There are 2 protein chains.
Amino acid sequence: MDVTALLERGRTLATPVLRAAIDRLAPPMDTVAAYHFGWIDAEGNPADGDGGKAVRPALAVLSAQAAGAAPEVGVPGAVAVELVHNFSLLHDDLMDGDEQRRHRDTVWKVHGPAQAILVGDALFALANELLLELGTVEAGRATRRLTSATRALIDGQAQDISYEHRERVTVEECLEMEGNKTGALLACACSIGAVLGGADDHTADTLEKYGYHLGLAFQAVDDLLGIWGDPEATGKRPWSDLRQRKKSLPVVAALAAGGPSSERLGELLAEDAKASDFENFSEEEFAARAALIEEAGGREWTAQEARRQHTTAIDALDSIPMPDRVRAELVALADFVVVRKR
Amino acid sequence: MDVTALLERGRTLATPVLRAAIDRLAPPMDTVAAYHFGWIDAEGNPADGDGGKAVRPALAVLSAQAAGAAPEVGVPGAVAVELVHNFSLLHDDLMDGDEQRRHRDTVWKVHGPAQAILVGDALFALANELLLELGTVEAGRATRRLTSATRALIDGQAQDISYEHRERVTVEECLEMEGNKTGALLACACSIGAVLGGADDHTADTLEKYGYHLGLAFQAVDDLLGIWGDPEATGKRPWSDLRQRKKSLPVVAALAAGGPSSERLGELLAEDAKASDFENFSEEEFAARAALIEEAGGREWTAQEARRQHTTAIDALDSIPMPDRVRAELVALADFVVVRKR
């Protein structure tokens, strides 16, 4: 199964609709959004930027096919989910003070905080607009599911922010946060095409279950890449999540494990929380923390968790009928999510 | 006609539903939102704050009655519009750097920029959630209208920000911006109850027209209060809009008028745009600018514009049938909007 072709198909179907949607924005928001999506550079010249992996559009299109509809039926859903995803990136990058995304300066860094807020708001509104202007009962149901996912996304960001200021976060709290922040919208991507295609609630809920656990697998891998990922591939700084004091899965799992490395890690992170020069810590200091996380078992536990969630996601698909080819494609995308390097 | 009673009825019907909606937010967003609405103070103690004039809830409830439905039918719409309005206040105060609203420190000032962004996002999502969970065709139509209004609101804020950096803005550009920023959501408030009550598109569009022009009248009065309002009543600093270099109606009308005062004002504002110590200008310096605006006719033109929009709003109501009492109440609210002091 060629995952690259699957991702490419989702991107090819969704991009023209996404571009047309962005064209609706009043200046300068259209330009700022085009920069964010990598279509132009900071000076406004055309660019062939990396618009992300496009996992969500591929899933939304497959979701329509899982319900027996044509892939095109999923496209407004694919674009709406992509808009909500990018709304959250614009706002989260500003809230988190992240200066880089997809190998480029973030929007607030280039165009200022006000544009990051405003264009994020506009993308969120546009997502609802695209769905609701379909004017169908199915579109109303899809919008309702997208709204629930967006609320969960916002809850997750609130938890993520509050955890950064807390000394201890349990593994359960971390999984809940990641389920909100990543699972809910991926769940929506996996059901929205089916909902637009007229699927019943059982089918939609099952596809959401697949997507939710796929999202948790995705996030577990993201958490591994956030510490041990290759900066060349991820586009983030080395030890990115450690620099931000993120209580990600490897960290909370290592802290929960007990034993000498776990305890030493706990002491170090407690000191770090008070350190005034944390911003200037050397590569070696972050490497030492990463090594302790690994020795305490946080890296291996997270890798296993990714595989557990991957299995749960795929098993969920057994409870609904769908074309064999579509099932194989959903499995292939799940496989891709856990082995990706970026 | 007792406008105070009308406003109070809207508030009484909407507030319990609004409070229940805010209770759905995950901590600490519920607390931050409760602070914004004036229900608690910065320390979290119960407060009896000024939650605003509540013009929108009163209009949404009347809107249901204009379509022959019970006032209660308009309540989810009233609350949804209030949530979108407050989403925009949270984000706009942060973008504009406004430190005071309703006589209190703004949310970003008390709880930080991240919470202002996040809680704004949450209120926006909640607005859609409240409507869509009604699960009716009417609710889908209402959400679509609310989404259009929200998009216009965001366009208006984009224009408002860009105008602050421009030397000249035409009266037409200013009216377009104010139509987006204030007219569209007030238009939605005036139609949403009717839409939820099953009104046809002609009725809804007519009520939107009434609301749109009412919004422009409202904003013209706001622009007058933003320069000449009593700080005790408005809760803003003296010469508030001049301090922010707002290209509001009195300013653009004065600049467009021609003549010695208009030209002198243009020269002064051009110098101000480059002044590095603008933040420290004295009361007298702002008073001198306000006097020039008045001498050039900007104050009188804006007051007349408020009356023109008021008349257009009321005349729009002639094209649809509605109970006499409801019509009289809509007229009374329009009258209130143009004579208010805050």
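Calculation criteria
- Residues numbered from 1 in each chain as written.
- Chains lettered and ligands numbered in written order.
- Predicted model: local features only at pLDDT ≥ 70, side-chain atom pairs only at ≥ 80, totals over all residues.
- Heavy atoms only, no water.
- Helix = DSSP H or I, 4+ residues; strand = E, 2+ residues; numbered from the N terminus.
- Rg over C-alpha atoms; globule rule 2.2 N^0.38 Å.
- Buried < 20%, exposed > 50% of the residue type's maximum accessible area, 1.4 Å probe, protein only.
- Contact = heavy atoms within 4.5 Å.
- Areas by Shrake-Rupley, 256 points an atom, 1.4 Å probe, with all protein chains shown as cover.
- Buried area = accessible area lost by both parts, 1.4 Å probe.
- Salt bridge = Lys/Arg side-chain N within 4 Å of Asp/Glu carboxyl O.
- Polar contact = N/O pair within 3.5 Å; in protein donor to acceptor, adjacent residues only side chain to side chain.
- Expected span 1.5 Å × (residues − 1).
- Axes fitted to C-alpha atoms, helices over the stretch in contact; angles between N-to-C directions.
- Parallel < 35°, antiparallel > 145°, perpendicular 65-115°, else oblique.
- Nonpolar A, V, L, I, M, F, W, Y, C, P; charged D, E, K, R; others polar.

1. Thoughts on the overall build of chain A
Counting its secondary structure elements, chain A contains 16 helices and 2 strands. Taking 2.2 N^0.38 as the reference for a compact globule, 342 residues should give roughly 20 Å; the C-alpha atoms of chain A span a radius of gyration of 20 Å, in line with that estimate. Each of the 342 residues in chain A was classed as buried or not, and the buried ones make up 60%. Excluding contacts between residues fewer than 6 apart, the proportion of contacts in chain A whose partners are at least 24 apart in sequence is 74%. For chain A, the exposed area adds up to about 13,200 Å²; of that, 50% sits on carbon and sulfur atoms.

2. Examining the interface of chain A and chain B
The partner chain B presents 30 residues to the 30 residues of chain A that form the contact. When the two sides are added together, the surface that chain A and chain B hide from each other amounts to roughly 2,900 Å², 72% of it contributed by carbon and sulfur. Summed over the shared surface of chain A and chain B, the result is 2 salt bridges. A salt bridge links A:Glu129 to B:Arg151, with the shortest nitrogen-to-oxygen separation between them at 2.8 Å. There are 4 residue pairs in polar contact (both at pLDDT 80 or more) connecting chain A and chain B. Counting only elements with at least two residues in the side of chain A that touches chain B, the list comes to α4 (75-96), α6 (113-132) and α7 (137-164) of chain A. Among the elements that make up the side of chain A that touches chain B, the one with the highest residue count is α6(A) (11 residues).

3. Let's talk about helix α3 (residues 55-66) of chain A
Residue and element names in this part refer to chain A. Between its first and last C-alpha atoms α3 spans 16 Å; for 12 residues at 1.5 Å apiece the expected length is 16 Å, and the two agree. Buried residues dominate α3, accounting for 12 of its 12 residues. Those residues of α3 that sit buried are Val55, Arg56, Pro57, Ala58, Leu59, Ala60, Val61, Leu62, Ser63, Ala64, Gln65 and Ala66. Within two residues after α3, glycine 68 carries a phi angle of roughly 85°, on the positive side.

4. Some points on the pattern of salt bridges
Residues and elements named next belong to chain A. Enumeration over the complete set of coordinates arrives at 48 salt bridges over all chains. Here aspartate 205 ties to arginine 145 by a salt bridge, and the two come within 3.0 Å at their closest N and O atoms. Taken together, the residues aspartate 205 in helix α9 (residues 201-228) and arginine 145 in helix α7 connect sequence positions 60 residues apart. Overall, aspartate 205 belongs to the partly exposed group, its relative accessible area being 42%. Between glutamate 305 and arginine 308 there is a salt bridge, with the nearest N and O atoms lying 2.7 Å from each other. Of this pair, glutamate 305 and arginine 308 both sit in helix α15 (residues 298-316), 3 residues apart, which is roughly one turn of the helix. Judged by its relative accessible area of 6%, glutamate 305 falls in the buried class. Exposure remark for arginine 308: the relative accessible area of 36% places this residue in the partly exposed category. Beyond isolated ion pairs, a larger network of salt bridges with shared partners links Asp92, Asp96, Asp160, Glu164, Lys181 and Lys246.

5. A word on the side chain of B:Thr147
Mapped onto the secondary structure, B:Thr147 falls in helix α7 (residues 137-164). In contact with B:Thr147, not counting residues within four places along its chain, are A:Ala125, A:Asn128, A:Glu129, A:Leu132 and B:Asn128.

6. Overview of the side chain of A:Asp223
Counting through the fold element by element, A:Asp223 comes out in helix α9. By relative accessible area, A:Asp223 is classed as buried at 2%.

7. Points about the packing of helix α1 (residues 3-23) of chain B against helix α16 (residues 324-339) of chain B
Residue and element names in this part refer to chain B. At their nearest, the axes of α1 and α16 sit 10 Å apart, and the two run at 100° to each other. Put simply, α1 runs roughly perpendicular to α16. Contact residues: α1 offers Val3, Leu6 and Leu7, while α16 offers Glu329, Ala332, Leu333 and Phe336. Broken down by class, the residue content of the contact of α1 with α16 amounts to 6 nonpolar, no polar and 1 charged.

The quantities given are spatial measurements derived from coordinates; they are silent on function.
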